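A structural walkthrough
Spelled out, the chains give:
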Amino acid sequence: MIGLYVLPLYYQFLFQTSVEHQNIYILAIESSCDDTSAAVLYNDKTLSNIVATQKIHEEYGGVVPELASRAHQQNIVPVVHQALAKANIDKKQLSAIAFTRGPGLMGSLLVGTSFAKSLALGLSIPLIEVNHMQAHILAHFIKEEGTTPPQFPFLAMTISGGHTQIVLVRSYFEMEILGETLDDAVGEAFDKSAKLLGLPYPGGPLVDANARKGNPLAFPFPRPKVAGLNFSFSGLKTSILYFIQKQTAKNPDFVSEHMEDICASIQYTIIGILMDKLKKAVQQTGIQQIAIGGGVSANSGIRKALQEAEQTLGWTTYLPKFEYCTDNAAMIGIVGYLKYKEEKFSDQAITAKARYILG
Ligand code: KG4
Ligand code: ZN
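Residues numbered from 1 in each chain as written. Chains lettered and ligands numbered in written order. Predicted model: local features only at pLDDT ≥ 70, side-chain atom pairs only at ≥ 80, totals over all residues. Heavy atoms only, no water.

On to the coordination of the zinc ion (ligand 2). Summarising the metal site, the zinc ion (ligand 2) is bound by the protein donors His 132 (NE2), His 136 (NE2) and Asp 327 (OD), whose distances to it range over 2.1 to 2.2 Å. Look at where the donors of the zinc ion (ligand 2) fall in the sequence and you get H-x3-H-x190-D. Of this pair, His 136 sits in helix H4 (residues 132-138) while Asp 327 sits in the loop between strand S10 (316-318) and helix H10 (330-341), and the two are 191 residues apart along the sequence. You can call Asp 327 buried: its relative accessible area is 15%. (Donors = N, O, S within 2.8 Å, 3.2 Å for Na, K, Ca; no water. Helix = DSSP H or I, 4+ residues; strand = E, 2+ residues; numbered from the N terminus. Buried < 20%, exposed > 50% of the residue type's maximum accessible area, 1.4 Å probe, protein only.)

This part takes up the packing of helix H5 (residues 186-196) against helix H7 (residues 234-250). A pair of packed helices is characterised by two quantities: the angle between their axes and the separation of those axes. Packing of H5 against H7 brings their axes to within 10 Å, and their N-to-C directions diverge by 15 degrees. Considered as vectors, H5 and H7 are oriented roughly parallel to each other. Between H5 and H7 lies a crossing whose hand is right-handed. Packed against H5, whose contacting residues are Lys 192, Ser 193 and Leu 196, the element H7 presents Lys 237, Ile 240, Leu 241 and Ile 244 at the interface. In terms of residue class, the contact of H5 with H7 is made up of four nonpolar, one polar and two charged. (Axes fitted to C-alpha atoms, helices over the stretch in contact; angles between N-to-C directions. Parallel < 35°, antiparallel > 145°, perpendicular 65-115°, else oblique. Left-handed = near helix turned anticlockwise from the far one by under 90°. Contact = heavy atoms within 4.5 Å. Nonpolar A, V, L, I, M, F, W, Y, C, P; charged D, E, K, R; others polar.)

Let us look at the site of ligand 1. Neighbouring ligand 1 are 19 residues, the closest being Gly 161, Asp 191, Asp 208, Gly 295 and Asp 327. Between His 132 and ligand 1, the recorded distance is 3.5 Å, taken from a side-chain N or O atom to an oxygen atom. Contacts to ligand 1 include Gly 162, whose backbone N or O atom sits 3.3 Å from an oxygen atom. Bound to the protein, ligand 1 loses 89% of the 550 Å² it would expose on its own. Every element with two or more residues in the shell around ligand 1 is listed here: H4, H5 and helix H6 (204-211). By residue class, the composition of the shell around ligand 1 is five nonpolar, eleven polar and three charged. (Near = heavy atom within 4 Å. Polar contact = N/O pair within 3.5 Å; in protein donor to acceptor, adjacent residues only side chain to side chain. Areas by Shrake-Rupley, 256 points an atom, 1.4 Å probe, with all protein chains shown as cover.)

Okay, helix H9 (residues 300-313) next. The first and last C-alpha atoms of H9 sit 19 Å apart over 14 residues, in line with the 20 Å expected at 1.5 Å per residue. Inspection of H9 places Gly 301, Ile 302, Arg 303, Ala 305, Leu 306 and Ala 309 among the buried residues, and these make up the whole buried set. Against the buried residues of H9 lie strand S6 (154-159), H6, helix H8 (254-285), strand S9 (289-293) and S10. Two or three places before Gly 301, at the opening of H9, Asn 299 has a side-chain oxygen 2.8 Å from that residue's backbone nitrogen. A positive backbone phi angle near 75 degrees is found at Gly 314, which sits one or two residues after H9. (Expected span 1.5 Å × (residues − 1).)

If you add up the space inside the second largest pocket, you get close to 490 Å³. As for the second largest pocket, its lining consists of 21 residues, and the residues nearest its centre are Tyr 268, Ile 271, Gly 301, Lys 304 and Ala 305. Looking at the lining of the second largest pocket, the elements with two or more residues in it are H8 and H9. (1 Å grid on protein atoms, 1.4 Å probe; cavity = no way out; pocket = protein on both sides within 12 Å on 5 of 7 lines; lining within 4 Å. Points joined across faces, edges and corners; volume = space filled by probe spheres on them.)

In terms of burial, strand S7 (residues 164-171) is a largely internal element, six of the eight residues being buried. The sheet contact formed by S6 and S7 spans six bridges and is antiparallel. Within S7, the residue paired with Met 157 across the bridge is Ile 166. Adjacent in sequence and paired antiparallel, S6 and S7 are bridged by four residues. As paired elements, S7 and strand S8 (residues 174-180) share six bridges and run antiparallel to each other. Looking across to S8, one finds that Ser 171 is bridged to Glu 174. (Pairing = 2+ DSSP bridges.)

A few words on unusual backbone geometry. Residues other than glycine predominantly adopt negative phi, and peptide bonds predominantly adopt the trans conformation. With omega at -5 degrees, the peptide bond leading from Gly 102 into Pro 103 counts as cis. Within the secondary structure, Pro 103 is located in the loop between strand S4 (96-102) and helix H3 (106-123). A cis amide bond links Tyr 201 to the next residue, Pro 202, at an omega of -10 degrees. Relative to the helices and strands, Pro 202 is located in the loop between H5 and H6. Of note in the backbone geometry, Asn 43 takes a positive phi value of approximately 50 degrees without being a glycine. Mapped onto the secondary structure, Asn 43 falls in the loop between strand S2 (35-42) and strand S3 (45-53). Look at Asn 43 and you get buried, because its relative accessible area is 15%.

Taken in spatial order, the five strands line up as S3-S2-S1-S4-S5 in an open sheet, and their pairing is mixed. Every interior strand has two partners, whereas the edge strands, S3 and strand S5 (127-131), have only one. Between one strand axis and the next, the sheet turns by 20 degrees as a mean value, whatever way the strands run. Taken together, the eight bridges between S2 and S3 define a ladder with antiparallel strand orientation. Its bridge partner lying in S3, Ala 39 is registered against Asn 49. Relative to S2, helix H2 (residues 65-87) is tilted by about 25 degrees, and along the sheet it contacts strand S1 (25-30), S2 and S3. Contacts from H3 reach S1, S4 and S5 within the one sheet, and its direction differs from that of S4 by about 160 degrees.

In structure tokens form, the structure reads like this:
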């Protein structure tokens, strides 16, 4: 028994005496939902960022947790090999392994967590746990030509398939959730609306593509009244459902005939909800630096609205590169790098955490 407690301390001692702070190579693993991803970072730069998207879920209209974990098990080794090959480094050069500890689907997280733990143990290098939502925010600190990272403090809006949050970011590791969704996440709102329109999963990007060609004012949908900086999207889905039922009773081809206008109207409503809350958060905190993260930050409507806010409201906005919007391991790698510099290592007893609250 004693050995079990002593072993992690021994490894920690081993790493801490040999940690180098300059030429850091991090291998990062992301497996929280339905994308298996591995990335290699050299300090704060991405050398490779491989994402295997699981197509299997399309036929079910949403992520099936059990199929996701099975697909992660199939994908993880080839994805890691590809990431190392593309970065052109040998695993013996790695300084540490970073992995997504949570939040996410337990079965999916277990695959990445177990893989990362084993590899770190086998290579005798530190293991670094990463919160997925923190990674969506800190993706802005990946060094890319022509981009500047946000200055602290800033407001981050994380908009994904699982989350909708407004976060006050005081430093890399000091974050406070100011508001979040009380029901569906914004990505879910996009995906569920798309499903009602007969579009395949994940429907968010398809709603976006159609919306670009439609009239956003064609069909007005009500906006929910939610106190403070919290969100609610479940009512919107219901009003879209009733609207479609009413219209198709009169004209069975209504959806196909008006797809672009319906998508533009849905997107306009969702972006309006997000922007209203952001304006409120700016008013409340006095902070005008805004960064977005998560899959929905790829949406053309939110990107345009934020760029306009720079002109009309004087905000400074930070939009992630498309590659870093949806789930990817490079964002896990940048947190790994930042934690490595502060020697924030995890021990081998660490476990995955499906509900892992930011801050
Ligand atoms: O961050 P992410 O890859 O996974 C989660 O952590 O959830 O986000 C996926 C979500 C999905 O709901 C997807 O439909 C949405 O992001 N999404 C979009 C767009 N691209 C991805 N939603 C609207 N417009 C897009 N262009
Ligand atoms: Zn995500």
